[in-house]
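What follows is the residue order along each chain.
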Amino acid sequence: MKHVFSGAALATALVLSAGTASATVKIGFMLPYSGTYAKLGQAIENGFKLYVKEQGGKLAGQDIEYFKVDDESNPSKGPENANRLIKRDHVDILVGTVHSGVAMALAKAAKDSDTTLIIPNAGADAITGPLCSKNIFRSSFSNWQPGYAMGGVAAKKGYKTAVTITWNYAAGKESTDGFKESFEKNGGKVVKHLTLPFPNVEFQPLLTEIAAIKPDVVFTFFAGGGAVKFVKDYAASGLRKTVPLLASGFLTDGILEAEGDAAQGLLTTLHYADGLNTPRDNAFRADYTKNFPELPPDVYAVQGYDAAQILAAGLNAVKGDVTKKTAMRAAMSGATIDSPRGTFKLSKAGNPIQDFYLREAKGDKNVSIGIAVKALADPARGCKL
Ligand code: BEZ
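**Observations regarding the environment of serine 333**
Turning to step 1, where the next piece is worked out: With respect to the helices and strands, serine 333 occurs in helix 12 (residues 325-334).
Turning to step 2, where the next piece is worked out: In this structure serine 333 comes out as partly exposed when scored by relative accessible area, which is 30%.
Turning to step 3, where the next piece is worked out: Distance in space between the C-alpha atoms of serine 333 and isoleucine 310 is 8.2 Å, their sequence separation being 23 residues.
Turning to step 4, where the next piece is worked out: Among all residues touching serine 333, those that are not within four sequence positions of it are Phe137 and Leu346.

**A look at the nonpolar core**
Turning to step 1, where the next piece is worked out: Counting residues in hydrophobic clusters, the biggest one holds 81 residues, and the most contacted among them are Ile27, Tyr37, Phe48, Phe222, Phe230 and Leu251.
Turning to step 2, where the next piece is worked out: When residues in this core are grouped by element, the largest group, 11 residues, is from helix 11 (residues 299-317).
Turning to step 3, where the next piece is worked out: Residue contributions to this core reach at least three from each of two domains, namely domain 1 (8-141 + 277-350) and domain 2 (144-270 + 359-376).
Turning to step 4, where the next piece is worked out: Not counting the four nearest positions on each side in its chain, phenylalanine 48 is found in contact with Ile27, Phe29, Tyr66, Val95, Gly304, Tyr305, Ala307, Ala308 and Leu311.
Turning to step 5, where the next piece is worked out: Core analysis: the second largest hydrophobic core is formed by 20 residues, Ala107, Ile119, Ala122 and Ala124 among them.

**With respect to the state of the cysteines**
Turning to step 1, where the next piece is worked out: In total, this model carries 1 disulfide according to the counting rule given.
Turning to step 2, where the next piece is worked out: Disulfide pairing places cysteine 132 opposite cysteine 383 at an S-S distance of 2.2 Å. Here the disulfide of cysteine 132 and cysteine 383 is right-handed, its torsion about the S-S bond being about 90°. Residue cysteine 132 is located in the loop between strand 5 (116-119) and strand 6 (136-138), and its partner cysteine 383 is located in the segment after strand 15 (365-376); the two are separated by 251 residues in the primary sequence.
Turning to step 3, where the next piece is worked out: The exposure class assigned to cysteine 383 is partly exposed, which follows from its relative accessible area of 23%.

**Some thoughts on the side chain of threonine 116**
Turning to step 1, where the next piece is worked out: Mapped onto the fold, threonine 116 is located in strand 5.
Turning to step 2, where the next piece is worked out: Reaching out from threonine 116, the side chain makes a polar contact with the side chain of arginine 329 at a distance of 2.9 Å.
Turning to step 3, where the next piece is worked out: Sequence-distant contacts of threonine 116, that is, excluding residues within four places in its chain, are made with Asp92, Ile93, Leu94, Asn135, Phe137, Met328, Arg329 and Met332.

**Describing the layout of surface pockets**
Over the atoms rolls a probe the size of a water molecule, and its path tells where empty space is left.
Turning to step 1, where the next piece is worked out: Of the voids in this model, the largest pocket is the one considered here, and its volume is about 570 Å³.
Turning to step 2, where the next piece is worked out: Lining of the largest pocket is provided by 30 residues; of these, Gly254, Ile255, Leu256, Leu295 and Pro296 occupy positions nearest its centre.
Turning to step 3, where the next piece is worked out: Elements that contribute at least two residues to the lining of the largest pocket include exactly helix 2 (38-54), helix 8 (224-236), helix 9 (256-259), helix 10 (279-291) and strand 15.
Turning to step 4, where the next piece is worked out: No other element matches the 4 residues that helix 2 contributes to the lining of the largest pocket.
Turning to step 5, where the next piece is worked out: Of the residues that constitute the lining of the largest pocket, the class distribution is 13 nonpolar, 8 polar and 9 charged.
Turning to step 6, where the next piece is worked out: Looking at the lining of the largest pocket, you find at least three residues from each of domain 1 (8-141 + 277-350) and domain 2 (144-270 + 359-376).
Turning to step 7, where the next piece is worked out: Of the voids in this model, the second largest pocket is the one considered here, and its volume is about 230 Å³.
Turning to step 8, where the next piece is worked out: As for the second largest pocket, its lining consists of 14 residues, of which Lys134, Arg329, Ala330, Ser333 and Leu385 are closest to the centre.
Turning to step 9, where the next piece is worked out: For the lining of the second largest pocket, the secondary structure elements donating two or more residues are strand 6 and helix 12.
Turning to step 10, where the next piece is worked out: Sorting elements by how many residues they give to the lining of the second largest pocket places helix 12 first, with 4 residues.
Turning to step 11, where the next piece is worked out: Counted by class, the lining of the second largest pocket contains 6 nonpolar, 5 polar and 3 charged residues.

Calculation rules
- Per chain, residue numbering runs from 1 following the sequence as it is written.
- Only residues with pLDDT of at least 70 get local features here, since the model is predicted, and only at 80 or more are side-chain atom pairs given and counted; chain-wide, interface and lining totals rely on the full set of residues.
- Only hydrogens and water are set aside; all other atoms, that is, all heavy atoms of the structure, feed into the side-chain values.
- A run of DSSP states H or I qualifies as a helix once it reaches four residues; a run of E qualifies as a strand once it reaches two. Both are numbered from the N-terminal end.
- Partly exposed describes any residue whose relative accessible area lies between the buried limit of under 20% and the exposed limit of over 50%, with all areas from a 1.4 Å probe on protein chains only and scaled to the type maximum.
- In this description, contact between two residues means that some pair of their heavy atoms is separated by no more than 4.5 Å.
- Buried Ala, Val, Leu, Ile, Met, Phe, Trp, Tyr and Cys residues form a nonpolar core when they are joined through side-chain atoms within 4.5 Å.
- For the domains described, the bounds stem from an automatic or database domain assignment.
- We call a pair of cysteine sulfur atoms a disulfide whenever their separation is within 2.5 Å.
- Polar contacts, as counted here, are pairs of nitrogen or oxygen atoms within 3.5 Å of one another; within protein the pair requires one atom able to donate a hydrogen and one able to accept it, and residues that are adjacent in sequence qualify only if both atoms are side-chain atoms.
- A 1.4 Å probe that fits into a set of points on a 1 Å grid over the protein atoms alone but cannot get out defines a cavity; an open set with protein on both sides within 12 Å along at least five of seven lines defines a pocket, and lining residues are those with an atom within 4 Å of a point.
- Grid points are joined across faces, edges and corners, and a volume is the space filled by probe spheres set on the points.
- The nonpolar class holds Ala, Val, Leu, Ile, Met, Phe, Trp, Tyr, Cys and Pro. Asp, Glu, Lys and Arg form the charged class, and all remaining residues, Gly among them, are polar.

Next up, the structure:
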């Protein structure tokens, strides 16, 4: 059919199309859907979609269209996977990812293409440090944060020597560096840093080394399937009787049921906990469980949910017009997020300023037993925004 517009009708059509540059907002999820972090990726997607569903399936009046890439937590495939979403699918917004090494590639691709990126997990310090950028936001944490929170707890408990053990990549290095910084500032000493390549789970030789060193305490970062194996191996080695194990909360979050008895009593620090018992968290948990009965409402689900909230703040400010990038990003940056974890704001570098809970594993819950550090801001070293 041929359309013939009068001058006035044509002007109206042009104004309408300029006001709503895209009737649909295209969201690209770059997440792990396979490998040791597969469940984390799924929980993030669930949380994001739950928030959108609660808004009636639209954000700022716009329909949402989803695109997905399984990044396999493989940094070498990062650039190619990011470009599938950016150049093939032409997404408006990127949401990803879990693994810090993959996130580095994604952040570079987002920066090069000036695409807005919301990171719903990966804590790579550099992304909100030297590589910080106005188009990049995090709804999660920096790797430094949970480790730093636990270092102070360990020192207060009177431990003097610690061994750290983790995977040899950014998340492990930066979590244990955060721990070391506050532990040593408060009088402790990290005597040995043990690592194995990601995602290997041959922990036995390293556990034997810990038994020989006999530190006062061990601090660790592991997550996903690898964390379940580590917790079981640590308990089976008998070390729990002689060397207490402390960790960032990823060691137990969402996986306590799989870890069973081996995890009971473990102390961890994280920006989320079970049993917060606030109206906001209770409502989130009830709705999440109703929609996804097979998965616990864990920290990854919360981070996905809050990624959608950050985006909603930006889209609402520009009435859904994603082409108004500067105004949209300014609103995202200045938003107060009403998170199930507690309300938070983003730092100038785009990372949440948030409370870190001290949690104890009891049954299938990581119960909050207090706040380890209140309103902890990542130092954003090297960020020049
Ligand atoms: C990371 O690679 O940044 C990461 C992965 C899983 C849990 C927490 C952090």
